[in-house]
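Working through the structure, step by step
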Amino acid sequence: MQATNPLPEIVVQRVEPALRVENLTAWYTGTRPAIGGVTMDIARHKVTAIIGPSGCGKSTAIRCLNRMHEVIRGARVEGHVYLHGEDIYDPRVDPVRVRSRIGMVFQKPNPFPMMSIYDNVIAGLRLTGQARNGSRADGLVQGALEAVGLWGEVRDKLRQSGASLSGGQQQRLCIARTLAVEPEVILMDEPCSALDPIATYRIEELIRELKQRYTIAIVTHNMQQASRVSDFTAFFLAGEERIGRLIEFGETEAVFTNPRDKRTEDYITGRFG
Ligand SMILES: Nc1ncnc2c1ncn2[C@@H]1O[C@H](COP(=O)(O)OP(=O)(O)O)[C@@H](O)[C@H]1O
Ligand SMILES: [Mg+2]
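Residues numbered from 1 in each chain as written. Chains lettered and ligands numbered in written order. Predicted model: local features only at pLDDT ≥ 70, side-chain atom pairs only at ≥ 80, totals over all residues.

Right, let's get into the packing of helix α3 (residues 117-127) against helix α6 (residues 167-180). Axes are the key here: two packed helices are described by the angle between their axes and the distance separating the axes. As a packed pair, α3 and α6 sit with axes 7 Å apart at the nearest point and diverge in direction by 40 degrees. Judged on the interaxial angle alone, α6 and α3 are oblique. Crossing handedness for the pair α3 and α6: right-handed. Between α3, through Ile117, Asn120, Val121, Ile122, Ala123, Gly124 and Leu125, and α6, the contact on the second element is made entirely by Leu173, Ala176, Arg177, Thr178 and Ala180. In the contact of α3 with α6, the residues fall into eight nonpolar, three polar and one charged. (Axes fitted to C-alpha atoms, helices over the stretch in contact; angles between N-to-C directions. Helix = DSSP H or I, 4+ residues; strand = E, 2+ residues; numbered from the N terminus. Parallel < 35°, antiparallel > 145°, perpendicular 65-115°, else oblique. Left-handed = near helix turned anticlockwise from the far one by under 90°. Contact = placed C-beta atoms within 7 Å. Nonpolar A, V, L, I, M, F, W, Y, C, P; charged D, E, K, R; others polar.)

Structure below.
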């Protein structure tokens, strides 16, 4: 009997990643790179965790994603990082503009100590050469502080020093400073490692909220944190050659419950690192 209906057409929906990392290799000095041949996608409006033992190149990798690696004297990068299809390493691309589209939050909360809470939020804009004045600035500051859940806590003391806040509040202030620049991607390098469990919990909640509007990549040495907040996990490891490599990448649940690589399994079960 002849089939009367043709087979239904299979529609493959391709969702473009926010960032596509292609064969990324980064050096500090000399000939041995700190990371080698990293290729991975960072999905839009998802959280991607980068995990692995100390020294495997997590910070190096994430700093290559917004052209911060190259600010270190002698450091260099090969490979490509595409932000919505545009190579951020194209020589015509302005790294300052890249850093305003791809923001970074660091391990230790680093509000500018001589600046007020208000000016700290605005500082990111100044650093990237954009300026806002008067009520537009006020609205922006309020919006960014609201987005990180800090507005209620600081609205009456916006002129106080950013350093007067608790560690967790300071980290949320730093995230607000990053948001004020209106980036598309937010990179976080162990943002909770200096915080207590409650402050950590609040940042994790915030990360889950922020992914509605932003793409997030987070380095963490805390595997529980990776499994709590991330959709995708990248496991890095430096072998005997001491070059950090991407060993496994996948959906977080799969990486943690059913890793493909023995080395991933050894790491997540606590056998090393
Ligand atoms: N500023 C630097 N100069 C020279 N080597 C560095 C520098 N920062 C990191 N490294 C080296 O690069 C490798 C990867 O480090 P890093 O990316 O900081 O790892 P992780 O964040 O996973 O702990 C390590 O061998 C480290 O010693
Ligand atoms: Mg690091």
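Once the structure has been displayed, the description carries forward.
As a further point, take α3. In an α-helix, one turn spans 3.6 residues, which is why side chains three or four residues apart end up on the same side. Listing the buried residues of α3 in full gives Ile117, Asn120, Val121, Ile122, Gly124 and Leu125. Close packing links the buried residues of α3 with α4 (134-147), α5 (151-154) and α6. (Buried ≥ 20, exposed ≤ 12 C-beta atoms within 10 Å, placed from the backbone.)

Lining the immediate environment of ligand 1, one finds Tyr28, Ala34, Gly52, Ser54, Gly55, Cys56, Gly57, Lys58, Ser59, Thr60, Ile72 and Gly244. Element by element, the count of residues in the shell around ligand 1 is highest for helix α1 (residues 58-64), at three residues. Its residues placed into classes, the shell around ligand 1 shows four nonpolar, seven polar and one charged. (Near = placed C-beta within 6 Å.)

So, on to the pairing of strand β7 (residues 185-189). Most of β7 sits inside the fold, with five of its five residues counted as buried. The alternating pattern of β7 places Val185, Leu187 and Asp189 on one face and Ile186 and Met188 on the opposite face, and all of these are buried. Pairing analysis gives four bridges linking strand β6 (residues 102-105) to β7, with the strands arranged parallel. The residue bridging Val105 from the neighbouring strand is Met188, located in β7. Bridge analysis of β7 against strand β8 (residues 215-219) gives five bridges, and the strand direction is parallel. Looking at β8, one finds that Ile186 is bridged to Ile216. Each parallel crossover has a hand, and for β7 linked through helix α7 (residues 197-210) to β8 it is right-handed. (Pairing = 2+ DSSP bridges. Right-handed = clockwise from strand over helix to strand, strands pointing away.)

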